[in-house]
Amino acid sequence: MSVSTAAADQSLCTPLPVLGRDVTVPLVTGGEVTYAALDYAASAPALQRVWDDVAAYAPYYGSVHRGAGYLSQLSTDLFENARRTVAEFLGCRAGDQVVFTRSTTDSLNLLARAIPAGCQVFVFETEHHASLLPWQHADVTYLDAPRTPGRAVQILERALADRDPHGPALVCVTGASNVTGELWPVRELAAAAHAHGARIVLDAAQLAPHHPVSVADLDVDWIAFSGHKLYAPFGSGVLAGRADWLRAAEPYLAGGGASRRVTRREDGGVAVEWHETAARHEAGSPNVIGAYAIAAACKALTEAGWDTLVAREQHLIAKVRAGLAEVPEVRVLSLFGDDAPRVGVLSFVVDGWNSSHFAAALSAEYGIGVRDGLFCAHPLVRTLLGSDPQTQGECGAPEAAPGEKSLNAIRVSFGAGTPDEHVDRFVNAVRELVRDGAKWQYRTEEGRCVPAV
């Protein structure tokens, strides 16, 4: 093996340093083990570099935009530079706006408030609730779950062809499913939307941490994502894209920062002139640290190299899929089929197990953190599970209503900070639990499956 090849292999096997990588947790069977965080789709651990950057800035923290002091001016520069860094990370076009929000959910609710009157909205039932639910006050059409990427484009084209061609329209679609990890045909869906005079917003919450994302290359009108899935701390998000609908809309929140000029009217009221920049929808003192953390994460991922990050993640995906395929009792959920490209997110069910019980055993007996349930994508998971029976076992699913079958699944997700050992331990644990059963007794407590004491 050449020196260069050996270096490449070593790079492929090295995860990025993240917070919590050395945390140990107790096992019900005795002893402790290093925690295997395999719930990245919910929240990825913060990159150590991001945390260090934030810690270095913290002593210089100051309120932005309106302070004359040095720290305020420094924080303002940092905040606006973060906006430019995010715009570059997302491949924004000239004239696009980057609005800092609290999360993907917040971003899409902001856009839902900004759509023009009479706008028709088209969204697949397969979306995460963050992109499925904000449009309920609009003229919304929910599209059936497609079983192939090509079928997704066909369904959208048919729906758009039947719409009123004279009014505004918006399509909302995910980039990668938070349930199956499968990649959606974003570029093709954008082309279909634009061919029928509609705009498109991309929910990139699960895509941006795993793949490069570009507004211009994908030809989408907006992108929304969350910092806490992009290896930054909680509490910050982004909506980036076209400025016209955002400039024309009433501010998402009314208050200082969004207003440029406020005067009293002769009738006793107040007249407000709102900003036309991103500040229009960032009323109040902004989350400067959150914006800076997102920018730091964008820089860290870019400098790590997407080719290396994607290759390493595909290596981990192959490990998980091969390991689960060796256990006949495991069924991996898929919308587009086993060969569909995906990010490091997989959901599955196990014959003879309730998913809540299985996830609890992974945690309590192996120190592995996964997620169970319907993953804030209830229509999609129910479609994927269909009428398959879910054995009740010792613990029930928290989502099951009285008289309803227990439908839930297990989700394992990972990314740039996941070491091979965590994936190997997960695969071995699944094999052992299916073969030997749980070593401990479990019970339902406040809707959750927990070890019995």
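Residues numbered from 1 in each chain as written. Predicted model: local features only at pLDDT ≥ 70, side-chain atom pairs only at ≥ 80, totals over all residues. Heavy atoms only, no water.

This part is about the layout of surface pockets. Taken as a whole, the largest pocket encloses approximately 660 Å³ of empty space. Along the walls of the largest pocket sit 42 residues, with D39, A42, R371, F375 and R411 positioned nearest its centre. Elements with a contribution of two residues or more to the lining of the largest pocket: α4 (104-114), α12 (355-366), β15 (368-369), β16 (371-373) and β19 (448-451). Counting residues per element, the lining of the largest pocket draws most heavily on α12, which supplies 5 residues. Counted by class, the lining of the largest pocket contains 17 nonpolar, 16 polar and 9 charged residues. Approximately 350 Å³ is the volume attributed to the second largest pocket. (1 Å grid on protein atoms, 1.4 Å probe; cavity = no way out; pocket = protein on both sides within 12 Å on 5 of 7 lines; lining within 4 Å. Points joined across faces, edges and corners; volume = space filled by probe spheres on them. Helix = DSSP H or I, 4+ residues; strand = E, 2+ residues; numbered from the N terminus. Nonpolar A, V, L, I, M, F, W, Y, C, P; charged D, E, K, R; others polar.)

This next bit is on the packing of helix α6 (residues 149-161) against helix α7 (residues 186-195). Between α6 and α7, the least distance of the axes is 10 Å, while the angle of their chain directions is 15 degrees. For the element pair α6 / α7, the angle class is roughly parallel. When you trace α6 past α7, the crossing you get is right-handed. Of α7, the residues touching α6 (which contributes A152, V153, L156, E157 and L160) are E188, L189, A192 and A193. Tallied by class, the residues present in the contact of α6 with α7 amount to 7 nonpolar, no polar and 2 charged. (Axes fitted to C-alpha atoms, helices over the stretch in contact; angles between N-to-C directions. Parallel < 35°, antiparallel > 145°, perpendicular 65-115°, else oblique. Left-handed = near helix turned anticlockwise from the far one by under 90°. Contact = heavy atoms within 4.5 Å.)

Now for empty space enclosed by the protein. All told, the structure shown has 2 cavities of 30 Å³ or more when counted by the stated rule. Roughly 60 Å³ of internal volume is contained in the largest cavity. Along its surface, the largest cavity is lined by P209, H210, Y231, W306, L309, V310, R312, E313, G415 and A416. When its residues are assigned to classes, the lining of the largest cavity shows 6 nonpolar, 2 polar and 2 charged. In this structure, the second largest cavity occupies an estimated 30 Å³ of space. In this structure, the second largest cavity is lined by Y40, A41, A44, Q206, P209, H210, K229 and Y231.

Moving on, we get to the pairing of strand β18 (residues 442-445). In this sheet, β19 lies alongside β18 in antiparallel orientation, the contact comprising 4 bridges. Paired with R443 across the two strands is V450, which belongs to β19. (Pairing = 2+ DSSP bridges.)

Here we take up α7. Along α7, the positions that sit buried rather than exposed are V186, L189, A190, A192 and A193. For α7, the buried positions fall inside an angular range of 160 degrees around the axis, keeping them on one side. Close packing links the buried residues of α7 with β5 (120-124), α6, β7 (169-174), β8 (199-203) and α8 (215-218). The positive-phi residue at the C-terminal boundary of α7 is G197, with phi of around 75 degrees. (Buried < 20%, exposed > 50% of the residue type's maximum accessible area, 1.4 Å probe, protein only. Arc of directions from axis to C-beta.)

Relative to the helices and strands, A300 is located in helix α10 (residues 288-304). Taking the relative accessible area as the measure of exposure, A300 reaches 9% and is therefore buried. Apart from the residues within four sequence positions on either side, A300 is in contact with L47 and R49.

The next subject is the packing of aromatic side chains. Inspection of the entire model under this criterion finds 10 aromatic pairs. Considering the side-chain rings of F89 and W306, the 6.4 Å spacing of their centres and the 40 degrees angle between planes classify their relative orientation as tilted. With F89 in helix α3 (residues 70-89) and W306 in helix α11 (residues 306-325), this pair connects stretches of sequence that are 217 residues apart. Just as F89 is buried, W306 falls in that class too. When the ring of W222 is compared with that of W245, the centres are 5.2 Å apart and the planes differ by 35 degrees; the resulting orientation is tilted. You can see W222 sitting in strand β9 (residues 222-226) and its partner W245 sitting in helix α9 (residues 244-248), a full 23 residues away along the chain. The two residues W222 and W245 agree in class, both being buried. Aromatic rings pair up to connect F348, W353, F358 and F426 into one cluster. (Phe/Tyr/Trp six-rings, centres within 6.5 Å; stacked < 30°, edge-to-face > 60°.)

Our focus in this paragraph is a nonpolar patch on the surface. A cluster of nonpolar side chains, Y60, Y70 and L71, forms an exposed patch at the surface whose accessible area comes to about 340 Å². Its location among the elements puts Y60 in the loop between α2 (48-57) and α3. Overall, Y60 belongs to the partly exposed group, its relative accessible area being 43%. (Patch = residues over 30% accessible without salt bridge, like charges linked within 9 Å, V, L, I, M, F, W, Y side chains within 5 Å. Areas by Shrake-Rupley, 256 points an atom, 1.4 Å probe, with all protein chains shown as cover. Salt bridge = Lys/Arg side-chain N within 4 Å of Asp/Glu carboxyl O.)

Further remarks concern the pattern of salt bridges. Within this structure, the stated rule accounts for 20 salt bridges. Taking the shortest distance from any N to any O, the salt bridge between D244 and R199 comes out at 2.6 Å. Highlighted residues: D244 in helix α9 and R199 in strand β8, separated in sequence by 45 residues. A salt bridge links R435 to D436; its shortest N-O distance comes to 2.9 Å. Classification of R435 by relative accessible area gives exposed; the value is 57%. Residues joined by salt bridges that share partners form a network here, namely R312, K319, D420 and D424.

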